[in-house]
Amino acid sequence: MRALVVVGLLGVLALAFVVTAIIRDTQGKAGTAEGCPEGWPLADVTLHEPKDVKINVFNATDEGGRAGTVADDFRNRKFQVKKVGNDPKEIDDVAVLRYGPKGVGSAHLLQAYFLNNAEPGYDPKRTDDVVDVVLGNGFQQLATTTEVNQSLGDIGAPRAPKGSCPSPVAK
């Protein structure tokens, strides 16, 4: 009987400790816009549908016309293609995704179309929500729908880049 009372008392003390810790938690707003240091950009970490993603497609390969072909592939997958053209500097990577804080979630989705092989090109000073897709010499083709879904499962949810905070979710 005495052991049962001791265990019950320990349970009540543990519950009181947990409640006190939660109430006094000073890091409760860490990782949110409210706890963001002044001057840090707010990153849109929403994983958008392709129809809500705006992109520019640029060719940085030695193969002419590649941006137009890939832009058509993205249009067929319901992306909003804004600009198509050539990038001044040739790259050997599969692709580079250039984006700012408003394009974090969109770039995350696009990363899956390159099976997580695109180089991120995050620029905290960029103010638009468009992602530049720069195709490199290592690019062969966009991933299939099944591959995109598997890749998204592998890379997980979008996260705010270093030096930024996740923006509040719009309700």
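In this text, all values refer to a predicted model and were calculated from it rather than measured experimentally. Here the residue index of a chain counts from 1 through its sequence in written order. In view of the model being predicted, local features appear only for residues whose pLDDT reaches at least 70, and side-chain atom pairs are presented and counted only at 80 or more, with totals across whole chains, interfaces and linings using the full set of residues. The basis for every side-chain value is the complete set of non-hydrogen atoms in the structure, without hydrogens or water.

## Looking at the sheet that holds strand E4 (residues 95-99)
Taking strand neighbours across the sheet as the criterion, the five strands line up as E3-E2-E6-E4-E5 in an open arrangement whose pairing is mixed. On the outer flanks of this sheet lie strand E3 (80-86) and strand E5 (119-122), each paired with one strand and no other. Across the sheet, the axes of successive neighbouring strands diverge by a mean angle of 20 degrees, strand direction being ignored. Two strands form a pair only when DSSP identifies at least two bridges running between them. What counts as a helix is a DSSP run of H or I of at least four residues, what counts as a strand is a run of E of at least two, and both are numbered from the N terminus. Where E4 meets strand E6 (residues 130-135), four bridges bridge the pair, whose relative direction is antiparallel. Pairing of Leu-97 across the sheet is with Val-133, part of E6. We call two residues in contact when some of their heavy atoms are within 4.5 Å. All axes here are fitted lines through C-alpha atoms, helices being fitted over the stretch that makes contact, and every angle between N-to-C directions spans 0 to 180 degrees. Strands in contact with helix H3 (residues 104-113) are strand E2 (54-59), E4, E5 and E6; relative to E4, the strand with the most contacts, it is inclined by about 165 degrees.

## Side note on the pairing of E3
Relative to E3, E2 runs parallel, the two sharing six bridges. Bridged to Ile-55 within E3 is Val-81. Consider the strands pointing away from the viewer: the crossover is right-handed when the path from the first strand over the helix to the second runs clockwise. For the crossover from E2 across helix H2 (residues 66-76) to E3, the handedness is right-handed.

## A short note on the packing of aromatic side chains
Ring pairs shown here join Phe, Tyr and Trp side chains whose ring centres sit within 6.5 Å, with only the six-membered ring taken for Trp; geometry is labelled stacked below 30 degrees between planes, edge-to-face above 60, and tilted in between. Tallied over the full model, the rule gives six aromatic pairs. Pairing Phe-74 with Phe-79 gives two aromatic rings, centres 5.1 Å apart and planes at 80 degrees, and the pair type is edge-to-face. One exposure class covers both Phe-74 and Phe-79, and it is buried. The rings of Phe-74, Phe-79, Tyr-113, Phe-114 and Phe-139 are connected pair by pair, giving a single aromatic cluster. Burial status follows relative accessibility: with a 1.4 Å probe on protein chains alone, a residue under 20% of its type maximum counts as buried, one over 50% as exposed, and anything between as partly exposed.

## Some thoughts on the state of the cysteines
When two cysteine sulfur atoms are found within 2.5 Å, that pair is recorded as a disulfide. Considering all chains together, one arrives at one disulfide under this definition. Two residues share a disulfide in this structure: Cys-36 and Cys-165, whose sulfurs sit 2.3 Å from each other. Measuring handedness by torsion sign, the sulfur bridge of Cys-36 and Cys-165 sits at about 90 degrees and is right-handed. Here Cys-36 is found in the loop between helix H1 (2-23) and strand E1 (42-43), whereas its partner Cys-165 is found in strand E7 (residues 165-166), with 129 residues between them in sequence. Grouping residues by exposure puts Cys-36 and Cys-165 together as buried.

## Let's talk about the pairing of E6
Counting buried positions along E6 yields six of six residues, so the element is predominantly enclosed. By the alternation rule, side chains of E6 split into Val-130, Asp-132 and Val-134 and Val-131, Val-133 and Leu-135, which are all buried. Of the strand pairs in this sheet, E2 and E6 are connected by six bridges, and their pairing is parallel. Among the inter-strand pairings, Val-57 is bridged to a residue of E6, identified as Val-133.

## Here's the deal with a negative patch on the surface
On the surface, a cluster of negative charge is made up of Asp-62, Glu-90, Asp-92, Asp-93 and Glu-119. Mapped onto the elements, Glu-119 comes out in strand E5. The patches described consist of residues with a relative accessible area above 30% and no salt bridge, like charges being joined within 9 Å and nonpolar side chains (Val, Leu, Ile, Met, Phe, Trp, Tyr) within 5 Å. Here the accessible surface of atoms and residues is derived via Shrake-Rupley with a 1.4 Å probe, and residues count as covered only by protein chains that are part of the display. Definition used for salt bridges: Asp or Glu carboxyl oxygen within 4 Å of a side-chain nitrogen of Lys or Arg. Neither His nor the chain ends contribute to the count of charged residues, in which Lys and Arg are positive and Asp and Glu negative. We put the charge of a Lys on NZ, of an Arg on CZ, of an Asp on CG and of a Glu on CD.

## Describing the environment of Glu-63
As for its placement among the helices and strands, Glu-63 is situated in the loop between E2 and H2. Each C-alpha atom of the pair Glu-63 and Asn-137 lies 8.2 Å from the other, and the pair is 74 residues apart in sequence.

## Some points on the nonpolar core
Among the nonpolar cores identified, the biggest contains 30 residues, and Ile-55, Val-57, Phe-74, Leu-110 and Phe-114 are the most heavily contacted of them. Secondary structure elements with two or more residues in this core: E2, H2, E4, H3, E6 and helix H4 (145-155). Looking at this core, the element that brings in the most residues is H3, giving six residues. Among the buried residues, those of types Ala, Val, Leu, Ile, Met, Phe, Trp, Tyr and Cys that are joined through side-chain atoms within 4.5 Å form a nonpolar core. Residues Phe-58, Ala-60, Val-96 and Val-134 belong to the second largest nonpolar core, which totals five residues.

## Section: the confidence of the model for the protein
Per residue, pLDDT captures the predictor's confidence, and it can take any value from 0 to 100. Of the residues in the protein, 78% have a pLDDT of 70 or more, and the chain-wide mean is 86. Residue range residues 18-23 is modelled with pLDDT below 50. Its contacts to residues more than four positions away, or to other chains, number zero contacts. Counting interchain partners and residues more than four positions distant, the pLDDT-below-50 stretch residues 25-32 has five contacts.

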